[in-house]
Amino acid sequence: MQDWISVALPKGRLGEKAYDLFEKIGYGCPSIKEDNRKLIFENEEARVRYFWAKPSDVPIYVERGAADVGVAGKDILLEYVPDVYELSDLKMGKCRMMVAGLPGALDDSGRTLRVATKFPRIAARHFAAQSREIDIIKLNGSIEIAPLLDLSDVIVDIVETGTTLKENGLIPLEEVVPISARFIANRVSYKFKNERMRGMQERIAALLREKQ
Ligand code: PRP
């Protein structure tokens, strides 16, 4: 398996887009498009293996070497800080990490701000930079509900089109950081499979240049 490359893809729309990119640069694996519930796909000829993982688990597979490379959102990388190489910005899955809430939610800076989020580390860092005292409420989804039920004053969450905020009467209050998908690599694999992995990295860079 020394010359195979294992790729961890995030399950969902971003993963499918990322796979299309790998296909375009010559690492296709046609069986992946078959409609079934298999999770691992191999292309003997190209010596490449893909598997679908929960998006937040991708860096774990890559960090521990179960995958040589993977695609992960910058949000996940900033939150979990895995020990991996970030090789390229794939310029897809673009969105923004925002503080959002009901109008005026940030105004009373004297009291502890209750912040609901899936990203406690990112939120803590953001408000620490402002020396603002916060109480983090870690949730796992549907974060937008929290300020509506007065569970929190604000949320720190991903905003893509802004529709979820709008439809729930919330407004963006501060931008935390812009987010996009990143091509990441295991540190040991990058050393021992350097030629193949650099080849992949260069083809990705060439394709992204073409698109600009
Ligand atoms: C994400 C995010 C927002 C929504 C933003 O949720 O947490 O709720 O998408 O997208 P929009 O700006 O285009 O409306 P996701 O669908 O991942 O679900 P969850 O956070 O509730 O798990």
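Our subject is the structure listed above.
Quick caveat: nothing in here was measured; it's all calculated off a predicted structure.

Participant: Explain the site of the ligand to me, please; I cannot follow it from the model alone.
Facilitator: Close to the ligand lie Lys118, Gly141, Ser142, Glu144, Asp157, Ile158, Val159, Glu160, Thr161, Gly162, Thr163 and Thr164, which account for all nearby residues. In this structure, serine 142 approaches the ligand through a main-chain N or O atom, which is 2.7 Å from an oxygen atom. In this structure, an oxygen atom belonging to the ligand sits 2.7 Å away from a side-chain N or O atom of aspartate 157. Protein coverage of the free-state accessible area of the ligand, which is 500 Å², stands at 65%. Its atoms largely coinciding with the cavity grid, the ligand occupies the largest pocket. Mapped by element, the contributors of at least two residues to the shell around the ligand are β9 (154–159) and α6 (163–167). Residues that form the shell around the ligand fall into these classes: 2 nonpolar, 6 polar and 4 charged.

Participant: Looking at this structure, how should I read the sheet that holds strand β3 (residues 48–53)?
Facilitator: Sheet architecture is open: 6 strands sit in the order β2-β3-β1-β4-β11-β5, paired in mixed fashion. For this open sheet the edge positions go to β2 (40–43) and β5 (85–89), each flanked by a neighbour on one side alone. On average, adjacent strands in this sheet sit at an angle of 25° to one another, irrespective of strand direction. Across 5 bridges, strand β4 (residues 69–73) lies against strand β11 (residues 181–185) in antiparallel orientation. Bridged to glycine 70 within β11 is isoleucine 184.

Participant: Explain a nonpolar patch on the surface to me, please; I cannot follow it from the model alone.
Facilitator: Residues Leu102, Ile145, Leu148 and Leu149 make up a contiguous nonpolar surface patch of roughly 360 Å² in combined accessible area. Note on placement: leucine 148 falls in helix α5 (residues 145–148).

Participant: Please clarify how the environment of aspartate 135 should be interpreted in this entry.
Facilitator: Note on placement: aspartate 135 falls in strand β8 (residues 134–138). Classification of aspartate 135 by relative accessible area gives partly exposed; the value is 39%. Spatially, the C-alpha atom of aspartate 135 lies 36 Å from that of alanine 67, the residues being 68 residues apart in sequence. Other than its neighbours up to four places away in sequence, aspartate 135 contacts Thr112, Leu113, Arg114 and Val115.

Participant: What exactly am I supposed to notice about helix α4 (residues 120–128) here?
Facilitator: Residues lying three or four places apart along an α-helix face the same way, a consequence of the helix completing one turn every 3.6 residues. Those residues of α4 that fall on the buried side of the exposure criterion are Ile122, Ala123, His126 and Phe127. The arc that holds every buried residue of α4, seen down its axis, measures 120°, which confines them to one face. At its buried positions, α4 is contacted by α3 (74–80), β6 (95–101), β7 (113–117), β8, β9 and β10 (171–179).

Participant: Looking at this model, I keep getting lost on the layout of surface pockets. Mind explaining?
Facilitator: Of the voids in this model, the largest pocket is the one considered here, and its volume is about 950 Å³. Residue lining of the largest pocket: 38 residues in total, with Pro55, Asp75, Cys95, Lys118 and Ile158 positioned closest to the centre. Counting only elements with at least two residues in the lining of the largest pocket, the list comes to α1 (13–24), β4, α3, β9 and α6. With 4 residues, the top contributor of residues to the lining of the largest pocket is α1. In this structure, the second largest pocket encloses a volume near 330 Å³. Along the wall of the second largest pocket there are 15 residues; nearest its centre are Glu16, Ile32, Glu34, Asn36 and Trp52. If you tally residues by element for the lining of the second largest pocket, the top one is α1, at 3 residues. Counted by class, the lining of the second largest pocket contains 5 nonpolar, 2 polar and 8 charged residues.

Participant: Would you mind going over α1 with me for this structure?
Facilitator: An ideal rise of 1.5 Å per residue puts 16 Å on 12 residues; α1 measures up with 17 Å between its terminal C-alpha atoms. Among all positions in α1, only Gly15, Ala18, Tyr19, Leu21 and Phe22 are buried. Down the axis of α1, the buried set is contained in an arc of 155°. They therefore lie on one face. Projecting away from the buried face of α1 at angles above 90 degrees are the exposed residues Arg13 and Lys24. Looking at the packing, one finds that the buried side of α1 touches β1 (5–10), β3, β4, β11 and α8 (194–211). Just past α1, the residue glycine 26 takes up positive phi, approximately 95°.

So, how was this worked out
- Residues numbered from 1 in each chain as written.
- Predicted model: local features only at pLDDT ≥ 70, side-chain atom pairs only at ≥ 80, totals over all residues.
- Heavy atoms only, no water.
- Near = heavy atom within 4 Å.
- Polar contact = N/O pair within 3.5 Å; in protein donor to acceptor, adjacent residues only side chain to side chain.
- Areas by Shrake-Rupley, 256 points an atom, 1.4 Å probe, with all protein chains shown as cover.
- 1 Å grid on protein atoms, 1.4 Å probe; cavity = no way out; pocket = protein on both sides within 12 Å on 5 of 7 lines; lining within 4 Å.
- Sits in = over half its atoms within 2 Å of the grid points.
- Helix = DSSP H or I, 4+ residues; strand = E, 2+ residues; numbered from the N terminus.
- Nonpolar A, V, L, I, M, F, W, Y, C, P; charged D, E, K, R; others polar.
- Pairing = 2+ DSSP bridges.
- Axes fitted to C-alpha atoms, helices over the stretch in contact; angles between N-to-C directions.
- Patch = residues over 30% accessible without salt bridge, like charges linked within 9 Å, V, L, I, M, F, W, Y side chains within 5 Å.
- Salt bridge = Lys/Arg side-chain N within 4 Å of Asp/Glu carboxyl O.
- Buried < 20%, exposed > 50% of the residue type's maximum accessible area, 1.4 Å probe, protein only.
- Contact = heavy atoms within 4.5 Å.
- Arc of directions from axis to C-beta.
- Points joined across faces, edges and corners; volume = space filled by probe spheres on them.
- Expected span 1.5 Å × (residues − 1).

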